[in-house]
Amino acid sequence: MIFLLENHHASSIFKLLLDKRYNIWSHMNANEYQTFRSLVISLVLATDMANHASLIGRISTYLLFKETNPTSLSTDSKTLLQTLLHAADISNATKPWTIYVNSAEKIMEEFFSQGDLEKTHLDEKPTFDREATDIVQLQIGFITHIVHPTVRFSSSLNYTSQFLCYIFLISFTFYQKLFRLILLIIIHQKNQQLQRLQ
């Protein structure tokens, strides 16, 4: 599987690190550098949404192992780091309302632009069709099935994350109600417009 965006991000990191001001590997030997490079690439690739389910499965298994074997010194650092970076990558839903809405609008416009191109150049139905996509339900689904499990598992890693998860859950309960209210208002306005046309 080719991850174009993630490959670009990984490439950009190493291009930036060629600058002497940011070269944090100048003291590393060849083996250390190779280990570092492999880790960074695996972290960036883990942010691809195609890896979400397997990452959540791995962190779930790891946390269950740690719970049932509390004295074990075994640690899965790579999975822990991948989970934390993935959580940061999708954290727009945990931000204050104005930041969240602004980022969600930008992301949806990116998806809809992709859908417009798919409509123009492919015979298949676009993944994101701006005329047919229910943005409110899409966001609620994204937060419920993607963000919430990721934040919940991340919160098991330390107390700061547990506090942030608590804040997120309070916010999410509020956002769900607000989304539904906004959706009801939009439906009501559309119904009024239809009644005026009849």
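These notes cover the structure that comes with them. (Residues numbered from 1 in each chain as written. Predicted model: local features only at pLDDT ≥ 70, side-chain atom pairs only at ≥ 80, totals over all residues. Heavy atoms only, no water.)

## Describing the overall build of the chain
Okay, step 1: Helix and strand content of the chain: seven helices and zero strands.
Okay, step 2: Taken across its 198 residues, the chain has 30% of its residues classed as buried.
Okay, step 3: Contacts in the chain between residues far apart in sequence, at least 24 positions, make up 61% of those at least 6 positions apart.
Okay, step 4: Accessible surface computed for the chain: about 13,500 Å², of which carbon and sulfur atoms make up 62%. (Helix = DSSP H or I, 4+ residues; strand = E, 2+ residues; numbered from the N terminus. Buried < 20%, exposed > 50% of the residue type's maximum accessible area, 1.4 Å probe, protein only. Contact = heavy atoms within 4.5 Å. Areas by Shrake-Rupley, 256 points an atom, 1.4 Å probe, with all protein chains shown as cover.)

## Some remarks on the environment of D134
Okay, step 1: By secondary structure assignment, the location of D134 is in the loop between helix 5 (97–121) and helix 6 (135–155).
Okay, step 2: Among the polar contacts listed, one links the side chain of D134 to the backbone nitrogen of Q137, at a separation of 3.2 Å. (Polar contact = N/O pair within 3.5 Å; in protein donor to acceptor, adjacent residues only side chain to side chain.)

## Some thoughts on the packing of aromatic side chains
Okay, step 1: For the structure shown, the criterion picks out one aromatic pair.
Okay, step 2: Ring geometry for F111 versus F128: centroids 4.5 Å apart, planes at 10°, classification stacked. Remark: F128 occurs in the loop between helix 5 and helix 6 and F111 occurs in helix 5; sequence separation between them is 17 residues.
Okay, step 3: The class for F111 is partly exposed, based on a relative accessible area of 27%. (Phe/Tyr/Trp six-rings, centres within 6.5 Å; stacked < 30°, edge-to-face > 60°.)

## Describing the pattern of salt bridges
Okay, step 1: In the structure shown here, the tally under the stated rule is five salt bridges.
Okay, step 2: Residue D19 pairs with R21 through a salt bridge whose shortest N-O separation is 2.6 Å.
Okay, step 3: For R21, a relative accessible area of 63% gives the class exposed.
Okay, step 4: Residues K119 and E131 are paired through a salt bridge, measuring 2.5 Å at the closest nitrogen-oxygen approach. Within this pair, whereas K119 is found in helix 5, its partner E131 is found in the loop between helix 5 and helix 6, the two being separated by 12 residues in sequence. (Salt bridge = Lys/Arg side-chain N within 4 Å of Asp/Glu carboxyl O.)

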